[in-house]
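Chain residues, written in single-letter form:
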Amino acid sequence: MCIKNKSRKTGQFIGEVLIGLLFLFAVVGLFLWSVNRIVSSIEYKKSTDVRTVTARVIDYDIKSSDDEYDDYDEYVTKLSYEVDGIKYTGKRTYYREVSIGDEKNVEVYLTPRGKYKMKGYDDPLTFLLACIGIPAGLLLTFIGGMVLVQIIVGHFKKPTGADEERIE
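Bear in mind the structure is a predicted one, so any value in this text is a computation, not a measurement.

Participant: What exactly am I supposed to notice about the sheet that holds strand S3 (residues 86-94) here?
Facilitator: Two pairing modes exist for strands in a sheet, parallel and antiparallel, and in both the strands are linked by backbone hydrogen bonds. Across the sheet, five strands lie side by side as S3-S2-S1-S4-S5; this open sheet has antiparallel pairing. Where the open sheet ends on each side, the last strands, each with one partner, are S3 and strand S5 (116-118). On average, adjacent strands in this sheet sit at an angle of 40° to one another, irrespective of strand direction. Pairing of strand S2 (residues 73-83) with S3, which is carried by nine bridges, proceeds in the antiparallel orientation. Its bridge partner being in S3, Lys78 is matched across the sheet by Lys91.

Participant: Even after reading the chapter, I still don't get the pattern of salt bridges, so can you show me in this structure?
Facilitator: Here the idea is simple: oppositely charged side chains can pair when their charged atoms come close. Enumeration according to the criterion identifies four salt bridges in this entry. Its salt-bridge partner being Arg51, residue Asp84 comes within 3.3 Å of it at the nearest N-O pair. You can see Asp84 sitting in the loop between S2 and S3 and its partner Arg51 sitting in strand S1 (residues 50-64), a full 33 residues away along the chain. Among the salt bridges present, the one from Arg56 reaches Glu103, with a minimum N-O distance of 2.8 Å. On the criterion of sequence distance, the pair formed by Arg56 in strand S1 and Glu103 in strand S4 (residues 103-110) is long-range, its members being 47 residues apart. Bridged by salt links that share partners, the residues Asp49, Arg51 and Asp84 form one connected network.

Participant: It is not clear to me how the packing of aromatic side chains should be interpreted in this structure. Could you clarify?
Facilitator: Tallied over the full model, the rule gives four aromatic pairs. Each ring, one from Tyr44 and one from Tyr109, has its centre 5.4 Å from the other, and the planes form 80°; the classification is edge-to-face. Of this pair, Tyr44 sits in helix H1 (residues 3-46) while Tyr109 is found in strand S4, placing the two residues 65 residues apart along the sequence. A centroid spacing of 6.1 Å and a plane angle of 70° characterise the contact between Tyr88 and Tyr116, whose relative ring orientation is edge-to-face. With Tyr88 in strand S3 and Tyr116 in strand S5, this pair connects stretches of sequence that are 28 residues apart. The two residues Tyr88 and Tyr116 agree in class, both being buried. Directly above the ring of Tyr94 sits Lys104, whose terminal nitrogen or CZ lies 4.9 Å from the centroid.

Rules behind the numbers
Residues numbered from 1 in each chain as written. Predicted model: local features only at pLDDT ≥ 70, side-chain atom pairs only at ≥ 80, totals over all residues. Heavy atoms only, no water. Pairing = 2+ DSSP bridges. Helix = DSSP H or I, 4+ residues; strand = E, 2+ residues; numbered from the N terminus. Axes fitted to C-alpha atoms, helices over the stretch in contact; angles between N-to-C directions. Salt bridge = Lys/Arg side-chain N within 4 Å of Asp/Glu carboxyl O. Phe/Tyr/Trp six-rings, centres within 6.5 Å; stacked < 30°, edge-to-face > 60°. Buried < 20%, exposed > 50% of the residue type's maximum accessible area, 1.4 Å probe, protein only. Lys NZ or Arg CZ within 6 Å of the ring centre and 35° of its normal.

Read these as layout, nothing more, since geometry by itself doesn't imply function.
Below, the structure is given as structure tokens:
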């Protein structure tokens, strides 16, 4: 068996595994995101206590639009609100200027676990999975792409006399 041929097959197998893992991460990420959205929607619809409370902006981050035609900024805010004497926090995006200390009316609902949650936003578990999944997917894409480039370049290379040597 040719040494170069065996190395090429191993590289191709590794590339296929990495591409498979990339698709697996993407499918699992989309599945978890979808399930979380559905569960949150069902929780909201079945909640016995939905109310509007006043929340205070405790922090924010400005994300500017990269599009030359859209001239707007996104203000991703961290809000603090209180329901029945218990303090909660949540995130909300606004498309107009906000400042720390601003008061906003937000809709909250009682979850089956007995805590209040702002309507329509992900929980910390989904955020954590996104923080792990996005870099992992990018890394796997980069590694898989590099391996595939090596496989393609190696496939079209003409064999030399040294490549044809066989191990006895």
